[in-house]
Each structure stands twice: as structure tokens, then as C-alpha cells.
Amino acid sequence: MTAPPADPGPVTVRVFTQRLSATPRGARLARHLAVRELHTWGVPYGTDASDRIAVIVAELAANAVTHGRVPGRDFELTLTLLTAGAGARVRAEVTDTRTELRPPVPGAVRPPRPLDEHGRGLPLVDALADRWAVVDREPPGKTVRAEVDLAWPTTAHGRPRT
């Protein structure tokens, strides 16, 4: 009798990357591009996963534009559809070029007080993402990465049905 093959770990199925201007218009466009791309990948508009990712991308892009902006430099949106075994997930990453202003780590996000005018973005990301993290990037900058698990119809091999 032979042992079953080892799980190779996550397998990237689809990747979408776009550089956007670090402006409110760029942040708005990031959200629209994200839900459009998810729809083409089989995550329909208006589903729980699509709506969660839309809010996450909107908040991360707004933070990149507001707190991570360096004049003359863009921010980058990357969406990745990953499968592992019978599950699937979408990873949304927003990268900016500012290193000195870092968001708090997961678990250290403070909820806003009722009259606060700002500070609701990361609590939303923390609530909607199944996991998230802040990672350094080269050259200087940071990436905020958030993942949402999908209830994905898969084949027996764990790959998305297309």
C-alpha cells in the first residue's frame, strides 16, 4: 500500500494586479475592478464573498490613499484566487510606498468611539476578513493582505469549476 501524495499547499488559480493613482478616484476604481474581476472568476456580484471583498478592498485602498500616499507614487491592488484541497479563498493585497506609517497588527485594532470621524476601516477589515496581515515589501513600502474563504463549488481535485 502506498501513502497518499502530500498536499502541495495552496495553488494559485488566478491573479489580477493593477497599479492605481493614489487618489480617491484610484481607490474607488480599485473596488470596482475587484468586484468585476471576481465576477469573471465565478464569484458573482452581490454574493457574500464579493461584498466582503469589495468592502475590504475599498477600505485598504482608502487607507493607502489617505495614510500611505507618497506624492508621485501609485498604489497597487493584487487579487489572487487560491485553492487548497476542497477549499478556495481570495487574497486581496493593497501595497503602498510609505513605510513609516503602519497600521496596527490584527488583534490590536481598536474600535472607533461613537463620535470619531475616522478609524472605521481596519475594524471593518478585521471583522470581514478571515485572516489579514501587514507585511513589508521591497523597495520601501508595505502591503496589507486580507483573505476571504469561499464556499466554492469545486471538482474532486479541489479546483474551481469553470
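Before going into details, it helps to say that this report is about the structure given with it. (Residues numbered from 1 in each chain as written. Predicted model: local features only at pLDDT ≥ 70, side-chain atom pairs only at ≥ 80, totals over all residues. Heavy atoms only, no water.)

On a plain count of helices and strands, the chain comes out with 3 helices and 5 strands. Of the regular secondary structure in the chain, the N- to C-terminal order runs β-α-α-β-β-α-β-β. When the 162 residues of the chain are sorted by exposure, 39% land in the buried category. Working note: accessible area of the chain is about 9,400 Å², and carbon and sulfur atoms make up 54% of it. (Helix = DSSP H or I, 4+ residues; strand = E, 2+ residues; numbered from the N terminus. Buried < 20%, exposed > 50% of the residue type's maximum accessible area, 1.4 Å probe, protein only. Areas by Shrake-Rupley, 256 points an atom, 1.4 Å probe, with all protein chains shown as cover.)

Looking now at the nonpolar core. Counting 35 residues, the largest nonpolar core has V57, L60, F75, L77, L79 and W132 as the members making the most contacts within it. The element contributing the most residues to this core is helix α2 (residues 48-66), with 8 residues. (Core = buried A, V, L, I, M, F, W, Y, C linked by side-chain atoms within 4.5 Å.)

The subject of this paragraph is the pattern of salt bridges. Applying the stated criterion across every chain, the model contains 10 salt bridges. Its salt-bridge partner being R145, residue E93 comes within 2.7 Å of it at the nearest N-O pair. Note that E93 is positioned in strand β3 (residues 87-96) and R145 in strand β5 (residues 142-150), a separation of 52 residues in sequence. The class of E93 is buried, set by a relative accessible area of 13%. Its salt-bridge partner being D149, residue R131 comes within 2.5 Å of it at the nearest N-O pair. With R131 in strand β4 (residues 131-136) and D149 in strand β5, this pair connects stretches of sequence that are 18 residues apart. Within the structure, one salt-bridge network assembled from shared partners comprises R89, R91, R131, E147 and D149. (Salt bridge = Lys/Arg side-chain N within 4 Å of Asp/Glu carboxyl O.)

Here the focus is the packing of α2 against helix α3 (residues 121-128). In the contact formed by α2 and α3, the axes pass within 9 Å of each other and the chain directions differ by 150°. On the basis of their axis angle, the class for α2 and α3 is roughly antiparallel. Where α2 crosses over α3, the handedness of that crossing is left-handed. Of the residues in α3, those touching α2 at R52, V55, I56, E59, L60 and N63 are G121, L122, L124, V125 and L128. In terms of residue class, the contact of α2 with α3 is made up of 7 nonpolar, 2 polar and 2 charged. (Axes fitted to C-alpha atoms, helices over the stretch in contact; angles between N-to-C directions. Parallel < 35°, antiparallel > 145°, perpendicular 65-115°, else oblique. Left-handed = near helix turned anticlockwise from the far one by under 90°. Contact = heavy atoms within 4.5 Å. Nonpolar A, V, L, I, M, F, W, Y, C, P; charged D, E, K, R; others polar.)

A separate point is α3. Among the residues of α3, G121, L122 and V125 are the ones counted as buried. In an axial view of α3, the angular spread of the buried residues amounts to 90°, which keeps them on one side of the axis. Its buried side turned inward, α3 meets α2, β4 and β5. (Arc of directions from axis to C-beta.)

Taken in spatial order, the 5 strands make up an open sheet running β1-β2-β3-β5-β4, and their pairing is antiparallel. Each having just a single partner strand, β1 (11-20) and β4 make up the two edges of the open sheet. Taken pair by pair, the neighbouring strands of this sheet meet at an average axis angle of 15°, ignoring direction. One ladder, built from 9 bridges, connects β1 with strand β2 (residues 75-84); its direction is antiparallel. If you follow V15 over to β2, its bridge partner there is T80. Sheet strands in contact with helix α1 (residues 24-40) are β1, β2 and β3, and its direction is about 155° off that of β1. (Pairing = 2+ DSSP bridges.)

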